[in-house]
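What follows is each chain in one-letter form.
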Amino acid sequence: MAGGKIKKNGMLEAATIVEVVIALVIIVVVFGMAMMIFANVTQQAISAKKIRATAVLRNILLKAEQSRQLPQEAFNQDGFRIIPVIKPFEGGPGLSEFHLAAYDENQQEIAKVSEIMINNDNIKP
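From a predicted model like this one, the values you see are computed outputs, not experimental measurements. (Residues numbered from 1 in each chain as written. Predicted model: local features only at pLDDT ≥ 70, side-chain atom pairs only at ≥ 80, totals over all residues. Heavy atoms only, no water.)

Trainee: Pulling in residues and values, what's your account of a nonpolar patch on the surface?
Mentor: A contiguous nonpolar patch, built from I17, V18, V20, V21, I22, V25, I26, V29, V30, M33 and M36 and spanning about 1,000 Å² of accessible area, is present on the exposed surface. Relative to the assigned elements, V30 resides in helix α1 (residues 17-67). (Patch = residues over 30% accessible without salt bridge, like charges linked within 9 Å, V, L, I, M, F, W, Y side chains within 5 Å. Areas by Shrake-Rupley, 256 points an atom, 1.4 Å probe, with all protein chains shown as cover. Salt bridge = Lys/Arg side-chain N within 4 Å of Asp/Glu carboxyl O. Helix = DSSP H or I, 4+ residues; strand = E, 2+ residues; numbered from the N terminus.)

Trainee: Describe the pairing of strand β4 (residues 109-118), listing the residues and the values that go with them.
Mentor: Consecutive residues of a regular strand have side chains that alternate between opposite faces of the sheet. Pairing between strand β3 (residues 95-103) and β4: 9 bridges, direction antiparallel. By the bridge assignment for β4, E97 is matched with I116. Linking β3 to β4, which pair antiparallel, is a turn of 5 residues; within it Q107 sits at a positive phi near 60 degrees. (Pairing = 2+ DSSP bridges.)

Trainee: Talk me through the pattern of salt bridges; I want residue IDs and the actual numbers.
Mentor: Pairing between side chains becomes possible if they bear opposite charge and their charged atoms approach one another. One pass over the structure, following the stated rule, counts 3 salt bridges. Here D104 ties to K49 by a salt bridge, and the two come within 3.7 Å at their closest N and O atoms. Highlighted residues: D104 in the loop between β3 and β4 and K49 in helix α1, separated in sequence by 55 residues. By relative accessible area, which is 5% here, D104 ends up buried. Note that K112 is salt-bridged to E109, the shortest N-O span being 3.7 Å. (Buried < 20%, exposed > 50% of the residue type's maximum accessible area, 1.4 Å probe, protein only.)

Trainee: Summarise the sheet that holds β4; cite the residues concerned and give the values.
Mentor: Where strands meet in a sheet, backbone hydrogen bonds hold them as pairs that are either parallel or antiparallel. On the basis of which strands lie adjacent, the open sheet formed by 4 strands has the order β1-β2-β3-β4 and antiparallel pairing. If you trace the sheet from one side to the other, it starts and ends with β1 (75-77) and β4, each paired once. Each neighbouring strand pair of the sheet contributes to a mean axis angle of 30 degrees, computed without reference to strand direction. Relative to β3, strand β2 (residues 80-88) runs antiparallel, the two sharing 8 bridges. Paired with K87 across the bridge in β3 is E97. Each of β1, β2, β3 and β4 touches α1; the most contacted strand, β4, lies at about 20 degrees to it. (Axes fitted to C-alpha atoms, helices over the stretch in contact; angles between N-to-C directions. Contact = heavy atoms within 4.5 Å.)

Trainee: Explain the side chain of D104 to me, and be specific about the residues and the numbers.
Mentor: Among the polar contacts listed, one links the side chain of D104 to the backbone nitrogen of Q108, at a separation of 2.9 Å. In contact with D104, other than residues within four places in its own chain, are K49 and I110. (Polar contact = N/O pair within 3.5 Å; in protein donor to acceptor, adjacent residues only side chain to side chain.)

Trainee: Go over the nonpolar core with me, naming the residues and quoting the values.
Mentor: If you look at the biggest cluster of nonpolar residues, it comprises 17 residues, and the most contacted ones within it are L57, I82, F98 and L100. For this core, the secondary-structure elements that each account for two or more residues are α1, β2, β3 and β4. Leave out the neighbours within four places in its chain, and L100 touches L57, I60, L61, I82, I83, P84, A111, K112 and V113. (Core = buried A, V, L, I, M, F, W, Y, C linked by side-chain atoms within 4.5 Å.)

Trainee: Give me the lowdown on unusual backbone geometry, citing residues and values where you can.
Mentor: Residue D78 is not a glycine yet carries a positive backbone phi of 55 degrees. On the secondary structure map, D78 appears in the loop between β1 and β2. The residue Q107 is not glycine, and still its phi comes out positive at about 60 degrees. Checked against the element boundaries, Q107 lands in the loop between β3 and β4. Given a relative accessible area of 54%, Q107 falls into the exposed group.

Distances and angles like these do not, on their own, reveal function.
Set out below in structure tokens:
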């Protein structure tokens, strides 16, 4: 016979309920540990993407400050969809709030930066 031992009375030897419960608990614990590892790896990937997106946005802000020309429309850069928003700053005249948001390929917001800039002829709030 395959898989089991035959007792003297002709019946197969089977596992007790305690053995089955112990095996089930071991399987659940291993599965739980695997899910935690998967969640950590996924979170690290999202964190790395967020760090990269924030660096891209800060670089765009730096170039905008140097050239004094702010992007007015959405554009793609380094695999992110960048959406700029410029509006007047309520705290004082002659100032604008410049917001940049980076979205991934699933249109999920990854990172956001903002800065207050002085208006001049090239900057349109």
